[in-house]
Structures are given as structure tokens and as C-alpha cells.
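Descriptive analysis of the structure
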Amino acid sequence: MNNTSNIFSARNVFFASLILAGILLAFLAPNAAVNVDEMLHYPHAKQVVNWYFTGGKDVSCLDTPTSNLKYYGQSVDNFTALVNRVFHIQNEFLTRHLTGAFFFWLLLVFGGLLGKELTKSYWTSVLVVLSLLLTPRLFGQAFGNLKDIPFAAGYVAGILYIIRILKTFPKQSWRNVISLAIAIAFAISVRAGGLILFAYLALGILALFVVKPFLLKYIVSTKSCIVRLTGQGLTIAVAGYFLGLLFWPFALQDVFRHPLESLSMMEHYAVSIKQIFNGEVLWSSNLPPGYLIRWIWISTPEFILVGLIYYIAFLTYKFTKPGEQLFLGLFALFTLVFPVIYVIAIGSNLYSGLRQMLFVVPIMVILAVFGLQSMIQILKKWQTRLPCILLFFGLMLFPLFHQAKTFPVDYVYFNWISGGNKKAWSNYEYDYYFHGMKQATDDLIAEIGDKSAVVAMNCQLPNYFEKHPNINFQYTRYLERSSFEWDYGLFGVNYIHPWQLKNKTWQSAKIVKTYYHKGNPLVVLIKRGKKTDFEAIQAIKDKKWGEGELLIKDALETEPNNVWLFVNLANIRLAQAKYNELDSILEKGRTIHPYYEPFYLLEAQKLFDLNDYEAANKVLQQLNGVNPRYSNAAPLMKKVNEKLNNKSN
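Please read all numbers here as calculations on a predicted model, not as lab measurements.

**Notes on the overall build of the protein**
Looking only at helices and strands, one finds 30 helices and seven strands in the protein. Taking the principal axes of the C-alpha coordinates as reference, the protein spans close to 90 × 65 × 55 Å. Restricting the contact set of the protein to residue pairs at least 6 apart, pairs at least 24 apart contribute 71%. Accessible surface computed for the protein: about 28500 Å², of which carbon and sulfur atoms make up 61%. In the protein, 60 positive and 42 negative side-chain charges are present, and the distance between their average locations comes to 13 Å.

**Section: the packing of aromatic side chains**
For the structure on display, the rule yields 46 aromatic pairs. Each ring, one from phenylalanine 277 and one from tyrosine 291, has its centre 4.9 Å from the other, and the planes form 55 degrees; the classification is tilted. With a gap of 14 residues between them, phenylalanine 277 in strand S1 (residues 274-277) and tyrosine 291 in helix H15 (residues 291-299) connect regions that are remote in the sequence. A single burial state applies to phenylalanine 277 and to tyrosine 291, both of which are buried. An aromatic cluster of three or more residues is present, and its members are Phe151, Tyr155, Tyr200, Phe331, Phe334, Phe338, Tyr342 and Phe359. Looking at arginine 590, its charged tip hangs above the ring of tyrosine 600, at a distance of 5.0 Å from the centre. Here the basic side chain of arginine 629 rests over the ring of tryptophan 283, its NZ or CZ set 5.7 Å away from the ring centre.

**Topic: the environment of glutamate 614**
Following the sequence through the fold, glutamate 614 ends up in helix H29 (residues 613-626). In this structure, the C-alpha to C-alpha distance between glutamate 614 and lysine 643, residues 29 residues apart in sequence, is 9.3 Å. Excluding anything up to four places from it in sequence, glutamate 614 contacts Leu644 and Lys647.

**A look at the sheet that holds strand S7 (residues 520-527)**
Reading across from one edge, S4-S3-S5-S7-S6 is the order of the five strands in this open sheet, with mixed pairing throughout. Two strands in the sheet have a free side with no partner beyond their single neighbour: strand S4 (471-475) and strand S6 (511-517). With direction set aside, neighbouring strand axes in the sheet form an average angle of 20 degrees. When strand S5 (residues 488-492) meets S7, the two strands line up antiparallel, connected through five bridges. Following the sheet pairing, glycine 492 is matched in S7 by valine 523. Most of the contacts of helix H22 (residues 437-448) go to S5, to which it runs at about 170 degrees, and overall it touches strand S3 (453-457), S4, S5, S6 and S7.

**Comments concerning helix H18 (residues 361-378)**
Counted at 1.5 Å a residue, the expected span for H18 with its 18 residues is 26 Å, and the 25 Å between its end C-alpha atoms agrees. For H18, the buried fraction is high: 15 of the 18 residues fall into the buried class.

**Remarks on the side chain of lysine 438**
Within the element layout of this structure, lysine 438 appears in helix H22. Residue classification places lysine 438 among the buried residues on the basis of a relative accessible area of 17%. Setting aside residues up to four positions removed in sequence, lysine 438 forms contacts with Asn31, Ala32, Ala33, Pro408 and Tyr464.

**Examining the pairing of S5**
The buried fraction of S5 amounts to five of the five residues, a majority that puts the element mostly inside the structure. Here S5 shows two buried faces, one formed by Tyr488, Leu490 and Gly492 and the other by Gly489 and Phe491. In this sheet, S5 lies alongside S3 in parallel orientation, the contact comprising three bridges. Paired with valine 455 across the strands is tyrosine 488, a residue of S5.

**Focus: the environment of glutamine 500**
Tracing the sequence through the fold places glutamine 500 in helix H23 (residues 498-503). Each C-alpha atom, one on glutamine 500 and one on valine 640, is 31 Å from the other, the two residues being 140 residues apart in sequence. Excluding residues within four positions of it along the chain, glutamine 500 makes contact with Leu479, Thr505, Trp506, Ile592 and His593.

**What to know about unusual backbone geometry**
Residues phenylalanine 169 and proline 170 are joined by a peptide bond in cis, for which omega reads 10 degrees. Residue proline 408 is bonded to the preceding phenylalanine 407 through a cis peptide linkage, with omega at 10 degrees. Mapped onto the elements of the fold, proline 408 is located in the loop between helix H20 (397-406) and helix H21 (420-424). You will see that lysine 504, though not glycine, has its phi angle at about 55 degrees, which is positive. In this structure, lysine 504 sits in the loop between H23 and S6.

**Observations regarding the pattern of salt bridges**
Summed over all chains, the structure comprises 23 salt bridges. Arginine 477 serves as the salt-bridge partner of glutamate 480, at 3.5 Å between the closest nitrogen and oxygen. Through salt bridges with shared partners, a single network forms among Glu549, Lys553, Arg573 and Glu581.

Thresholds applied
Residue indices begin from 1 for each chain and proceed along its sequence in written order. Since the coordinates come from a predicted model, pLDDT governs what is reported: local features require at least 70, and pairs of side-chain atoms require 80 or more to be given and counted, while whole-chain, interface and lining totals use all residues. Where side-chain values are given, they derive from all heavy atoms of the structure, hydrogens and water being excluded. Runs of H or I in DSSP of at least four residues are treated as helices and runs of E of at least two as strands, each being numbered from the N terminus. By definition, residues are in contact when any of their heavy atoms lie within 4.5 Å. We get accessible surface area from the Shrake-Rupley algorithm with a probe of 1.4 Å; when it comes to residues, only the shown protein chains can shield them. Only four residue types enter the tally: Lys and Arg on the positive side, Asp and Glu on the negative side, with His and both chain ends excluded. A single reference atom marks each charge: NZ on Lys, CZ on Arg, CG on Asp, CD on Glu. Within 6.5 Å between ring centres, the rings of Phe, Tyr and Trp (the latter by its six-membered ring) count as paired, and their orientation is classed by plane angle as stacked under 30 degrees, edge-to-face over 60, tilted in between. Relative accessibility under 20% of the residue-type maximum defines a buried residue, over 50% an exposed one, and the middle range a partly exposed one, all with a 1.4 Å probe and only protein chains included. For a Lys NZ or an Arg CZ to count as sitting over a ring, it must be within 6 Å of the ring centre and within 35 degrees of the ring normal. Two strands form a pair only when DSSP identifies at least two bridges running between them. Angles run from 0 to 180 degrees between N-to-C directions of axes, and those axes are lines fitted to C-alpha atoms, restricted for helices to the stretch in contact. Helix span is expected to be 1.5 Å times the residue number reduced by one. Whenever Lys or Arg places a side-chain nitrogen within 4 Å of a carboxyl oxygen from Asp or Glu, that contact is recorded as a salt bridge.

Purely geometric numbers; function is a separate question.
Right, here's the structure in full:
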């Protein structure tokens, strides 16, 4: 009996859960989807590796004026590029996905250990592992997101070792000191935000001095203690900082100024990205202050929210019995709350839901489990504990069923409190990583077979066709697909205006298959057939107005919702100065997409041609309200302003 209880001890169950999790991750990695960010960061990682191989002669990794990738440490991306290059691995993305799985596994390890450190129970560690696996926004990005998931692992590891140091301060072991230095160095090597761990350590020690004022007197009066603390502090500061820069070319150019410059850039990211939020199209640089809080609320599994309620109740109870557990619990809570408040306070440029703030989600999960474990301890009677336990574990079924049904698009999760995925579709960013393309491309490759074909997509994922020389890739925005020559189109239902989604005017009549996610359209497959629409636009480019008009009208017979054809037909009428007919075309086009920017620009150009500059300016201001970053309007806006200024002068 004793042998059996030893085998199933909490510590052994924790290790067993990690082994099972590792097997699960290794099994799923080959079936994971490639995301659009990988097609941006991985080529840059190759350039970084080449910078080292050429002794700094290839400086392409430092020339990133548009993507700003030089500001990312992205050490894990760089590591995968190095492995693929050294070992001549052909399946490069499998290396990336296995590496991502490994760092997610490390997140499970450090998360479990942090849970144990806070509660002194390995059963908490077991629940943390299970809970992290059942957090879709984390688990769903375990394979392809080699920035946010590894950074989360480094962040949690850093907090773990800071807490271990605080618990034994000022007699902390060198093992914990060196481990903390490595954790900080790794976090910095992924993103400059890892520097925050230095601040946490300093703040934690200051808080200790407030809680235990005798510590400061002991340290000052003990020479050996001062010497040891100085050495350990320098080890953390020097090793933690400089080791984090070794695989980061931009930081190595100026080891003191560039990391801080990168941190500043991350806090106020210069690139603004179009987002769907609360049913509106907004730019990430102009999102409301409640954006992040709203996303936390709608995408966090219910069992975590319940666990956090338990945790707050536990803290309230512990304030009547202050001690080490309360101190450490408050410190852990601070590492969750502070980054959220900070980015909101400084107005950081956030986008794609929780993506930039994923590193706080594991802390949220750990505190939720901490809350459950604490409530079980506080509630003495089993009859009182049972409802709390059943509620927590029962709510785990929601994300579990979601993940089992939707992999590899399981990261797109909205809890039922907010209305679930059904309500979120067309109101919030959905499959922004385009994971849904994996199954669609697999099916299309099988359908094309050995035939030659051009496949159009509204995302940069040509990697799916790299092993098929008979298939060529063509990128196009969905609405502008007629301007390019292609045979098949795979288009993700993303970045399409929510008005069109809600009113079902986005769908092409040539859709042959729709891929669904929780009942919502995710990807559509279009078989083009006749290319009358493409031929029409080519004729218009050659100023063959009559031929272009006939071809457009023919194309509209089969695709009446193709709003881009109305834009091109309106261009013909504008060139012919047939303004009444132009107005009629714009009116018809707006029944399909009333917020389509080209319609505003065409109307403003017509008014400008008629010398009605004030009216043209009014329409341009309306366009600016719809899309303040529509650069195509800039030349006309400049001319209108010049005319208005001349008139006023």
C-alpha cells in the first residue's frame, strides 16, 4: 500500500503529466499550421544567422525599415534557422514547430514549479500543467509562435527564481542566482521586454525590507553577507543582460543604447495594423483603452475566471492572517496586473487580441489554480468544497471540446460568457494567423494533382506549395482578386469588412467549398473558370474602355457581388466624364460595400474634376473617417487643399 502511494505521489504525478504533455506536443507538432508571422520572421532569422556566418558582412538583418524586425531578439527563431542550416534540414517548418512545442513544454515545467512554490504542493503543479494545456489562446500558438510562447516561458521562469530568491533572501543559493540570470538572459534574447524582470527583483527585495526591516540591518552589519550579495547581484545583472544579447545583431551594435531603443519601440510600435474590434474596423494605433481588458474577458476560459475569483477570495481571507504566502501571492499578482496596467497607461500599440500580452496568461492560469487549491484548504467541510471543485473542473470541458474539434485552429477561442465563437465572428479578429489554410491547402493540392495551376491567396503562405513545382502562388487581397491571373483561390475570411460579413455580400458565386470553424466561415475555395474579370481589368489598363465595359458586364453576370468590378467600371465612366452614370455605379457598388474606400475616392475625384473643391474635400474627410490611413487618397487630398488655399487667398 505504501509503495502504491509513493508511486502516485503528487511529485510523481507532476512528472508524469509533463511526460504525457511532451508526447502530446510531439505528436501534434507535425500537423500544426504555419502562420503568416512565420513567413516574416523566419526569413529574417536566416539573415541573422548569415550575419554571424559572414562575420558581420551581410547586414541585411539590420536593414528592416518596414518590418522593424531588427528590434526583436527572436533568439528561438534564430536558433531554428541555425539548426536547419547546419544540419541541412529540408522540412524547415517542422523544426520550428517541434522547437515551439519544446518551449511550450518548458512553460509547463516552469509554470508547474511556480505553482508549487506558491502553494507548497505538487498537486498545484499538476493542475497548472492541465490548465495551461486547456488554455486555447496559449496551447493553440505553441507550435508556430516562437516569440510570445518562448518569452512567456522565460517570463514565468524569471518569476519562479525571483520568488525562490525572495523566500531565502539574503541567503539565497548560487543555483537560484545563476538560474535567474539565465532566465532573464533568455527572456531578453527573445524580446527586450525581458528587462522588466530586473525591476521585479529589485521591487521584491525592497518590499521585503518593508515587511522585514531587520533584514537591512542584518545585511549592513554582516560583511560576508554584503560581499556575497554584491557578487550575486553582479552575476544577475551582468550575465542576465549581456548573455541575452549574444544572438541579437542589432543589440550588439550598441549594447547599452540599442536594447533600450528596442524596448521603447516595442512599447510604442510604429506599424499600425487594421483590426476588427466590437464590430468596427479600427487601426491598432487608435484602439480604445479597454481593448486589452475586453480581450482578456472574452478569450479567457471560464474555469480560469472562476479560479481567479477563488484567488481574490483567498487573498481577502489571508489579509486577516498575513504571512509569507500572502506576500508571495501579492507579488505574483503584481506580475500579472502591472504589465496590463502599464501598456494601457502608456497607450501601447496592441493588435491581434492578446498576442503581445500572452506572457501574462500563464500567470493568470497559475493564480487561478492557486485560488482553487487555497479555497479547498480554507473550506473545511467536503460538502462546501465539492461545488467549488466541480464548477472548476466542469468548466474545463468547454475549452477541451473546443480544442479537440478545431485543431490546428484551436487558438481562435471565445468563451461562452461573451457569446462564444458564433458571436465573435465578424465582431473581433478571428483567424488572424490564417491557421485555417492548412486543411484547405491540403485538399486543394490533392484536387490539382499533377496539373499546372496558379493559386491565389490573401495571405503570404506560399510554403504550402513549395514541394509542388506545378503550382504557382499569387498573393492578392480578397476584394481585388480580379486584378490577377489565377486558377484557384483560397481566401481566409479575415480583414473583410464586418458590414459585408454580417450582410453576406462578401461571398463569391464561384465558391466551391467553404471551410467552417465552430459554424463560422473560415476559408473559401474559389474555382475561377472563365477569367473574364481579369481580361476586363487588363483592357481597362490599356484604356480600351468599350472592350473593358463589355467584359465587366459579362463578369458581373456570374459574380454580382464582386465589388472590385464596380470600382473598375466606375473608373471607365470617370475617364469618359460620364458623371451621372458614374453616380449610378457607385450607388450599386455601395449596396455591396458601403465603406469601400475606392468609392469615396472616385466620388471625390469626380467632384474635383467638376471644380467643386469644397464638396470633394467633404467626401475626402468622410473617407478619412472610414480609413485615415488610405494612402491612395493622399495625392488628390493634396490637390484639393491647394485649390482651396488658392481660393481663400
